[in-house]
Amino acid sequence: VGQVNALTVVSYADSEFGMPARLTALIRPNIGTGEILDIERDVDLGGSLHAKGMLIMTSYLRALFSQHHALNFSASLAFEQSYAHIDGDSATVSEACALLSALANVPINQTLAITGSMNQLGEVQAVGGINAKIAGFFDACREQGLTGEQGVVIPMANVKQLMLRDDIIEAVDAEQFYIYGVNTLSQALTLIKGVPIDIMTKKGRYRKETLFGKVIQRLMLWDQNQADAADIDDKKANKAKKKAKELLELLGLSSR
């Protein structure tokens, strides 16, 4: 839950190397407006394009859920064991998937890795270094042992640009490795989560069994928990006042 395999690329001189990275998201109930902390940016390891992608993803989520419920949470996103500068918006889809997984408490299929830019409408856009990214994850899977379930999720706009190594093509032909092209965030989420994403009722609400429906349920649960905690505090305060009043009366003092 809240963990996804992101596809990144390292450029050095005239060479590119694909390097899979673990991207994680943590959620905390909080009275607020869906504050999302970008750890890479806050420690000056994230560039302006990466920050732009984060803001676009945040805007999309606010538009998606704020009409149904207040975003009463705080979140943080980070690339684990990343010590170099990160830039570009190709992690936007990965970040959205990790965040929605943590919000809905729904696990992500760890046999898949994902890359893609995203706009404010939830449409997946092309990214650079796609061949190196696929090769990097394929090599990592081969080292672990190909299971016939591993693969990558990439923007459909990048499919025509693929120029993959022969061993990757052979693995795909043998159904030992898969390459999925997607046009929207919902399609990507369907692949890596295996649950319905955004089916709505006739009243315009997300169904409870869908990913977005689970997000709304959790936001409502946090509200209820906060209300229950406030009620408990009020009862404790009233009980304390009552005891204090009784004690003063026993001592013959005024309760004022």
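Summarised in this report is the structure supplied together with it. What you see is a predicted model; the values in this text were computed from it and never measured.

**Describing helix α6 (residues 185-193)**
Among all positions in α6, only L185, S186, A188, L189, I192 and K193 are buried. Here the buried residues of α6 occupy an arc of 155° about the axis, which is enough to place them on one side. A positive phi of about 70° marks G194, the residue just after α6.

**Regarding the layout of surface pockets**
Looking at the second largest pocket, its volume works out to about 240 Å³. Taken together, H68, T201, R205, Y206, R207, K208, G213, I216, Q217 and M220 make up the lining of the second largest pocket. Of the residues in the lining of the second largest pocket, the class split is three nonpolar, four polar and three charged.

**Section: the side chain of E95**
Within the secondary structure layout, E95 lies in helix α3 (residues 92-104). E95 gets classed as buried once you look at its relative accessible area, which sits at 2%. Excluding residues within four positions of it along the chain, E95 makes contact with L23, H50, M54, M57, L77 and F79.

**Comments concerning the pairing of strand β9 (residues 178-182)**
Where strand β8 (residues 151-155) and β9 come together, five bridges link them in parallel fashion. Bridged to V152 within β9 is I179. Each parallel crossover has a hand, and for β8 linked through helix α5 (residues 166-173) to β9 it is right-handed.

**A short note on the pairing of strand β4 (residues 73-79)**
Summarising burial for β4: seven of the seven residues are buried, a large majority. Neither face of β4 is exposed, since F73, A75, L77 and F79 on one face and S74, S76 and A78 on the opposite face are all buried. Sheet topology places strand β2 (residues 15-29) next to β4; seven bridges connect them, and they run antiparallel. Each bridged residue has a counterpart across the sheet, and for R28 the counterpart in β4 is S74.

Rules used throughout
Along each chain, residues carry numbers from 1 onward, in the same order as the chain's sequence is written. In view of the model being predicted, local features appear only for residues whose pLDDT reaches at least 70, and side-chain atom pairs are presented and counted only at 80 or more, with totals across whole chains, interfaces and linings using the full set of residues. Calculation of side-chain values draws on the structure's entire complement of heavy atoms; hydrogens and water are dropped beforehand. A 1.4 Å probe rolled over the protein chains alone gives each residue an accessible area, and that area as a share of the maximum for its type sets the label: buried under 20%, exposed over 50%, partly exposed in between. We count a stretch as a helix when DSSP gives it H or I for four or more residues in a row; a strand needs E for two or more, and each element gets its number in order from the N terminus. The directions from the helix axis to the C-beta atoms are what the arc is built from. Here a cavity is any set of points on a 1 Å grid over the protein atoms alone where a 1.4 Å probe fits but cannot get out, and a pocket is any open set with protein on both sides within 12 Å along at least 5 of 7 lines; a residue lines the site when it has an atom within 4 Å of a point. Grid points are joined across faces, edges and corners, and a volume is the space filled by probe spheres set on the points. Residue polarity follows a fixed list, in which Ala, Val, Leu, Ile, Met, Phe, Trp, Tyr, Cys and Pro are nonpolar, Asp, Glu, Lys and Arg are charged, and the others, Gly among them, are polar. In this analysis, two residues are considered to be in contact whenever any of their non-hydrogen atoms come within 4.5 Å of each other. By the convention used here, strands pair only if DSSP detects at least 2 bridges between them. Seen with the strands pointing away from the viewer, any crossover whose path from the first strand over the helix to the second strand runs clockwise is right-handed.

Read these as spatial facts, not as claims about activity.
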